[in-house]
Each structure stands twice: as C-alpha cells, then as structure tokens.
Amino acid sequence: MKILVLGVGNVLYKDEAIGVKTVLHLKEHYHFPENVRLLDGGTLGIGLMECLMDCDLAIIIDAVKGGYEPGTLYRLVGEDLRKSMSFADSMHQTDLVDTLIFCELAGKRPDCVVIGMEPADFYSMDLELSPEVQAQQPRLIEEVLKELKSHGVTYSKKIKS
C-alpha cells in the first residue's frame, strides 16, 4: 500500500502552517519505509492531484476550523472532510474535497484521512505557530504516527549525531 502523508497550509500565516510544519518535523525526526511518502503540499490545491492519485491512502495534516478550543485535534473521514481546508476564513485556497472529486473523475481516488488541529490564529502573518497550537503539536504528531501504525506502518526515530 502506497501512503502519502501530506501537510498543507500557508507557512506565512501562523497556525495555517500546522500541516506543513508537522510533515517537516516528521521528515526530520523519523525514518519511514519506502511505501510512505511525506510531502509539503503547501497551498498547491489541484496541483496535488497527481500525488494523491499515486497513493492508496492519503493522510492529510491541516488546520481545521471546527469551532472548538485552539489545539483541539480532529480525525476526519468521509463527509467530515468538508470541515478541513474549506473553512471560509482560510488563507490558503486548497480545497481537498474538490481535488478528491477530480481524482475520482480521473479514475483514482485514494482513501483519505485528515488529522487536523483547531487553529488559534490564522490571520496574522508570522512564521511561528501560536503558543496554544505549538504546545499541542506533539499530540498532533502522535496522532499521525498512530494513524500510520494502524495501517501497518513501522517507523523509527532518527538518532541525532
């Protein structure tokens, strides 16, 4: 099974960057098998279609505005995917649902899970996450690793020299 771990968001707008920063953290600190690809999807939107069609499972990490406390974690599948990346105040224009529809129309839509976090601030231009979201990022990382493990993926921590 080919698995894509895709971090999306705009790194210029504080918590909008949680998906990208989490994927970069995973790349820096963990080894994954060859069937797992980690990708900074930024704000590519429909430009991610080829990557999505090339996998069997997409685990997408993103800011999700669900109306709960900042740092709240979400696991979205099926119709709940509309909560991810399609909130009206998002600074990035990625629309996961439309991209997945296009993948399906083209003949290959992967299974998809969104692991997301409620942002505290996605309006301010800043390269740093808000303190609330930064404090909860380790929980987000653990949820992504747990999702991978539930699909039979083994991984290891990189040893810093």
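Rules of the game
- Every chain is numbered independently, its residues counted from 1 as its sequence is written.
- At least 70 in pLDDT is required for a residue's local features to be given in this predicted model, at least 80 for side-chain atom pairs to be given and counted, and no such filter applies to totals for whole chains, interfaces and linings, which use all residues.
- For side-chain calculations, the full set of non-hydrogen atoms in the structure is used, while hydrogens and water are omitted.
- The helix and strand labels rest on DSSP assignments: H or I over at least four residues marks a helix, E over at least two residues marks a strand, and numbering proceeds from the N terminus.
- Only strands that DSSP links by at least two bridges are regarded as paired with each other.
- Axis definition: a line fitted to C-alpha atoms, over the contacting stretch in the case of helices. Angles run 0 to 180 degrees between N-to-C directions.
- For Phe, Tyr and Trp, where Trp contributes only its six-membered ring, two rings pair if their centres lie within 6.5 Å, and the inter-plane angle classes them as stacked under 30 degrees, edge-to-face over 60, or tilted in between.
- Three labels apply to residues, based on accessible area from a 1.4 Å probe with only protein chains included: buried if under 20% of the type maximum, exposed if over 50%, partly exposed otherwise in between.
- To estimate the expected span of a helix, count its residues, drop one, and scale the result by 1.5 Å.
- In what follows, residue pairs with any heavy atoms lying within 4.5 Å of each other are defined as contacts.
- Any angle that falls under 35 degrees is termed roughly parallel, while one over 145 is termed roughly antiparallel, one within 65 to 115 roughly perpendicular, and all others oblique.
- Handedness of a helix crossing follows the sense of rotation of the near helix relative to the far helix, less than a right angle counterclockwise being left-handed and clockwise being right-handed.
- Under the convention adopted here, Pro, Cys and the residues Ala, Val, Leu, Ile, Met, Phe, Trp and Tyr are nonpolar, Asp, Glu, Lys and Arg are charged, and Gly plus all remaining residues are polar.
- Counted as salt bridges are all cases of a side-chain nitrogen of Lys or Arg within 4 Å of a carboxyl oxygen of Asp or Glu.

Enquirer: Which parts of the structure should I look at to understand unusual backbone geometry?
Expert: Of all residues except glycine, most have a negative phi; of all peptide bonds, most are trans. Even without being a glycine, K14 presents a positive backbone phi close to 35°. For K14, the location among the structural elements is in the loop between β1 (3-8) and α1 (18-29).

Enquirer: Would you mind going over the sheet that holds β1 with me for this structure?
Expert: Through backbone hydrogen bonds, the strands of a sheet pair up, either in parallel or in antiparallel fashion. With respect to topology, five strands assemble into an open sheet ordered β3-β1-β4-β6-β5, the strand pairing being mixed. Only two strands of the sheet have a single partner each, and these edge strands are β3 (36-42) and β5 (73-76). Strand after strand, the sheet turns through a mean of 20° between neighbouring axes, direction not considered. Bridging between β1 and strand β4 (residues 57-63) involves five bridges; their strand directions are parallel. Following the sheet pairing, L6 is matched in β4 by I60.

Enquirer: It is not clear to me how the packing of aromatic side chains should be interpreted in this structure. Could you clarify?
Expert: Taken as a whole, this structure holds five aromatic pairs when the rule is applied. Between Y30 and F32, the ring centres sit 6.1 Å apart and the planes meet at 40°, which makes this aromatic pair tilted. For the pair formed by Y30 and F32, the shared burial category is buried. Ring centres of F32 and Y155 lie 6.0 Å apart, and the angle between their planes is 45°; on these two criteria the pair is classed as tilted.

Enquirer: Just checking my understanding: could you explain α1 for this structure?
Expert: Structural remark: α-helix, 3.6 residues per turn; residues separated by three or four positions point the same way. An ideal rise of 1.5 Å per residue puts 16 Å on 12 residues; α1 measures up with 16 Å between its terminal C-alpha atoms. When we look at burial in α1, the residues that qualify are I18, G19, V20, T22, V23 and L26. Of the surrounding secondary structure, the elements contacted by the buried residues of α1 are β1, β2 (30-31), β3, β4, β6 (111-117) and α4 (131-150).

Enquirer: What's the story with the environment of A58 in this structure? I'm lost.
Expert: Among the structural elements, A58 can be located in strand β4. Accessibility expressed as a relative area gives 0% for A58, which makes it buried. If sequence neighbours within four positions are ignored, A58 has contacts with L4, L52, P110, D111, C112 and V113.

Enquirer: What is the right way to read the packing of α1 against α4 from this model?
Expert: If you want to describe how two helices pack, look at the angle between their axes and the distance between the axes. Following both chains from N to C, one finds α1 and α4 inclined at 60°, their axes separated by 10 Å at the closest point. The angle between α1 and α4 falls in the class oblique. Between α1 and α4 the crossing geometry is right-handed. Between α1, through I18, K21, T22, H25 and L26, and α4, the contact on the second element is made entirely by V133, Q137, L140, I141, V144 and L145. When the residues that make up the contact of α1 with α4 are grouped by side-chain class, the tally is seven nonpolar, three polar and one charged.

Enquirer: How should I be thinking about the pattern of salt bridges in this particular structure?
Expert: When the charged atoms of two side chains lie near each other, side chains of opposite charge can form a pair. Going through the model one piece at a time under the given rule, you end up with six salt bridges. When the shortest N-O distance is used, the salt bridge between K14 and D126 registers 3.2 Å. Here D126 lies in the loop between β6 and α4 and K14 lies in the loop between β1 and α1, a separation of 112 residues in the sequence. Across the pair D56 and K108 runs a salt bridge, and its minimum N-O distance is 3.7 Å. You can see D56 sitting in the loop between α2 (49-53) and β4 and its partner K108 sitting in the loop between α3 (96-105) and β6, a full 52 residues away along the chain.

Enquirer: Could you clarify how one ought to interpret the pairing of β1 in this entry?
Expert: Burial analysis of β1 places six of its six residues in the buried class, the great majority of the element. Residues I3, V5 and G7 point to one face of β1 and L4, L6 and V8 to the other, with burial holding for every one of them.

Enquirer: In this structure, what is going on with the side chain of Q137? I would like to understand it.
Expert: By the secondary structure assignment, Q137 is in helix α4. Beyond its immediate stretch of four places on either side in the chain, Q137 contacts I18, K21, T22, M117 and L129.

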